[in-house]
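# Structural overview
Given next are the chains, with one letter for each unit.
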Amino acid sequence: YKRQVITLDVEEADCHGDANNDFGEAVSINLGDAVANQVCLPDDYRDYYTFSIDPVFAVTGSIDLYCDAEPTTLGIYKMNEELVYEESVTSGMASITADEVMFSPRDYYLRIFTSNDTQVSPYLLEMNLDLVDVTPSAPVEITPDEFYVDPSECYFHENIMYAIGY
């Protein structure tokens with residue numbers, strides 16, 4: 001039996017910019033999809049994606065980011081670019097659950113951001129979210145004397161109003 005030594009030269013991945021580096025260039029992603037990409041300094045330190053939640057659905061599950069390069073974060077933003085929730089990658093993963101965010105019907109942005117200046121940061125983003133139809137089966141007609149709510153958000157779909165408030 002004769003041993004053989006093979007030497008491999010593994011080149012580091014190059015840092016190159018792509019087309020989804022700000023809110024205006026966000027790439028659409030569907031619930032249930034997965035995307036593999038990379039972020040790196042100085043030219044491509046953030047990637048943006050966008051997705052929508054329709055009015056008659058509640059959301060379950062999570063959005064998961066797998067990345068070995070820390071510090072890297074996964075953030076969810078409203079379309080006005082207001083931060084909703086952010087999670088840092090620890091031990092190779094960041095996960096944001098639907099319970100933590102309490103998604104309401106609207107369009108959202110996802111941002112993957114790194115400040116790791118020593119390596120290219122490949123990642124896998126998984127949209128492990130499911131929609132549950134919450135259309136009322138027997139809506140009740142009410143009059144203003146019977147109803148009081150201090151709504152923080154209202155959504156109309158067909159002839160049904162959804163109000164979130166106190």
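Bear in mind the structure is a predicted one, so any value in this text is a computation, not a measurement.

This part takes up the pattern of salt bridges. Applying the stated criterion across every chain yields a total of 2 salt bridges. Across the pair Arg111 and Glu86 runs a salt bridge whose closest N-O atoms are separated by 3.2 Å. Of this pair, Arg111 sits in strand β8 (residues 106–114) while Glu86 sits in strand β6 (residues 83–88), placing them 25 residues apart in sequence. Accessibility expressed as a relative area gives 15% for Arg111, which makes it buried. For Glu86, a relative accessible area of 35% corresponds to the partly exposed category.

What follows concerns the sheet that holds β6. The strand order across the open sheet built from 5 strands is β1-β3-β8-β5-β6, with neighbouring strands paired in mixed fashion. Whereas interior strands pair on both sides, the edge strands pair on one side only; in this sheet they are β1 (27–28) and β6. As paired elements, strand β3 (residues 46–53) and β8 share 8 bridges and run antiparallel to each other. Counterpart to Ser52 in the pairing with β8 is Asp107.

Below, the discussion takes up the sheet that holds strand β9 (residues 121–133). The 4 strands lie next to each other as β2-β9-β4-β7, forming an open sheet whose pairing is antiparallel. Each edge of the open sheet carries a strand with a single partner, namely β2 (34–39) and β7 (93–97). Strand-to-strand twist in this sheet, taken as the mean axis angle between neighbours without regard to direction, amounts to 15 degrees. The pairing of strand β4 (residues 57–67) with β9 spans 11 bridges and is classified as antiparallel. Residue pairing for β9: Gly61 is matched across the bridge by Leu129.

This paragraph deals with the packing of aromatic side chains. The full count for this structure, using the stated rule, is 7 aromatic pairs. Ring geometry for Phe51 against Phe103: centres 5.9 Å apart, planes inclined by 75 degrees, an arrangement best described as edge-to-face. In this pair, Phe51 is assigned in strand β3 and Phe103 in the loop between α1 (98–101) and β8, connecting sequence segments 52 residues apart. Overall, the relative accessible area of 3% leaves Phe51 in the buried class. Here Phe103 falls in the buried class, since its relative accessible area comes to 11%. When the centroid spacing of 5.5 Å and the interplanar angle of 20 degrees are considered together, the rings of Phe51 and Tyr108 count as stacked. Taken together, the residues span a long stretch of sequence, with Phe51 in strand β3 and Tyr108 in strand β8 at a distance of 57 residues. Put simply, the rings of Phe23, Tyr48, Tyr77 and Tyr109 touch in pairs and so form one group of aromatic residues.

Counting residues in each nonpolar core, the largest one holds 25 residues, and the members touching the most others are Phe51, Ile63, Leu74, Phe103, Leu110 and Leu125. Broken down by secondary-structure element, the contributors of at least two residues to this core are β3, β4, β5 (72–78), β7, α1, β8 and β9. Each residue touching Ile63, except ones within four places of it in the same chain, is listed here: Phe51, Leu74, Ile76, Ala94, Ser95, Ile96, Phe103, Leu110, Leu125, Glu126, Met127 and Leu129.

So, on to the side chain of Asn20. Structurally, Asn20 can be placed in the segment before β1. Not counting the four nearest positions on each side in its chain, Asn20 is found in contact with Glu25, Val27, Asn37, Arg46, Asp47, Tyr48 and Tyr49.

When you tally the buried positions in β5, you get 7 out of 7 residues, the bulk of the element. Side-chain alternation along β5 places Thr72, Leu74, Ile76 and Lys78 on one buried face and Thr73, Gly75 and Tyr77 on a second face that is also buried. In terms of strand pairing, β5 meets β8 through 7 bridges, oriented antiparallel. Pairing of Thr73 across the sheet is with Phe113, part of β8. One ladder, built from 5 bridges, connects β5 with β6; its direction is antiparallel. The residue bridging Leu74 from the neighbouring strand is Glu87, located in β6.

Cut-off values and rules
Residues numbered from 1 in each chain as written. Predicted model: local features only at pLDDT ≥ 70, side-chain atom pairs only at ≥ 80, totals over all residues. Heavy atoms only, no water. Salt bridge = Lys/Arg side-chain N within 4 Å of Asp/Glu carboxyl O. Helix = DSSP H or I, 4+ residues; strand = E, 2+ residues; numbered from the N terminus. Buried < 20%, exposed > 50% of the residue type's maximum accessible area, 1.4 Å probe, protein only. Pairing = 2+ DSSP bridges. Axes fitted to C-alpha atoms, helices over the stretch in contact; angles between N-to-C directions. Phe/Tyr/Trp six-rings, centres within 6.5 Å; stacked < 30°, edge-to-face > 60°. Core = buried A, V, L, I, M, F, W, Y, C linked by side-chain atoms within 4.5 Å. Contact = heavy atoms within 4.5 Å.

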